[in-house]
Amino acid sequence: MMKNISIGEAELEIMKVIWKAKEPITSLDIGKEVEDKGWKKTTIATFLTRLVEKGALSADKQGKLYYYTPLITEKEYRKSQTKNLIKTLYNGSVRDFAVSFFEEQKLSDKDIQELKAIFEDKGE
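This is a predicted model, so every value here is computed, not measured. (Residues numbered from 1 in each chain as written. Predicted model: local features only at pLDDT ≥ 70, side-chain atom pairs only at ≥ 80, totals over all residues. Heavy atoms only, no water.)

(A) Looking closely at the environment of isoleucine 86. Mapped onto the elements of the fold, isoleucine 86 is located in helix 4 (residues 74-89). Sequence-distant contacts of isoleucine 86, that is, excluding residues within four places in its chain, are made with Asn91, Gly92, Ser93, Val94 and Phe97. (Helix = DSSP H or I, 4+ residues; strand = E, 2+ residues; numbered from the N terminus. Contact = heavy atoms within 4.5 Å.)

See below:
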């Protein structure tokens, strides 16, 4: 069972960089990836510290630099967020969530075929 880790919007931007790296990454490299956000080094350091405290990342000091590694996968995080969303907004009803989602979305024939295939696989 994956622990439920709450990650803020800005922290999630940091996590996306780390997940994309696929290997331990330094705060300097993370900073380069989020330059367009205009965050100071201290701000990024604060996000990283919080993510380590929450158990989303591990920090390994090598020389003067810390290397950050995710302790949860992007897929695990998405799964936990989806469960929380369904629990909070739809009283735990996956059916109500699906109805709401499909009513809002314009699905192509290809999307519908792919979804049917997923449901058929689950039914076996």
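(B) Structural view of the pattern of salt bridges. Taken as a whole and assessed by the stated rule, the structure comprises nine salt bridges. Taking the shortest distance from any N to any O, the salt bridge between lysine 37 and glutamate 13 comes out at 3.7 Å. Here lysine 37 is found in the loop between helix 2 (27-33) and helix 3 (41-53), whereas its partner glutamate 13 is found in helix 1 (residues 9-21), with 24 residues between them in sequence. Residue classification places glutamate 13 among the partly exposed residues on the basis of a relative accessible area of 25%. When the shortest N-O distance is used, the salt bridge between arginine 95 and aspartate 96 registers 3.2 Å. On the accessibility criterion, arginine 95 (59% relative accessible area) is exposed. When its relative accessible area of 37% is taken as the criterion, aspartate 96 is described as partly exposed. Bridged by salt links that share partners, the residues Glu11, Arg50 and Lys54 form one connected network. (Salt bridge = Lys/Arg side-chain N within 4 Å of Asp/Glu carboxyl O. Buried < 20%, exposed > 50% of the residue type's maximum accessible area, 1.4 Å probe, protein only.)

(C) Layout of unusual backbone geometry. Residues other than glycine seldom take positive phi values, yet lysine 22 does so here, at roughly 60 degrees. Following the sequence through the fold, lysine 22 ends up in the loop between helix 1 and strand 1 (25-26). For asparagine 91, which is not glycine, the phi torsion reads 50 degrees and is therefore positive. Given the relative accessible area of 74%, asparagine 91 is considered exposed.

(D) Broad picture of a positive patch on the surface. A cluster of basic residues, Lys75, Lys79, Lys83 and Lys122, forms a positive patch at the surface. Along the chain, lysine 122 turns up in helix 6 (residues 109-123). Judged by its relative accessible area of 68%, lysine 122 falls in the exposed class. (Patch = residues over 30% accessible without salt bridge, like charges linked within 9 Å, V, L, I, M, F, W, Y side chains within 5 Å. Areas by Shrake-Rupley, 256 points an atom, 1.4 Å probe, with all protein chains shown as cover. Lys, Arg positive; Asp, Glu negative; His and termini not counted. Charge placed at Lys NZ, Arg CZ, Asp CG, Glu CD.)

(E) Seen up close, the nonpolar core. Membership of the largest hydrophobic core comes to 19 residues, with the highest contact counts inside it found for Ile7, Ile14, Met15, Ile18, Ile30, Leu48 and Ile72. Broken down by secondary-structure element, the contributors of at least two residues to this core are helix 1 and helix 3. Ranked by the residues each element gives to this core, the list is headed by helix 1, at five residues. Look past the residues within four positions of isoleucine 30 in its chain and what remains in contact with it is Ile14, Val17, Ile18, Ile25, Ile44, Leu48 and Tyr68. (Core = buried A, V, L, I, M, F, W, Y, C linked by side-chain atoms within 4.5 Å.)

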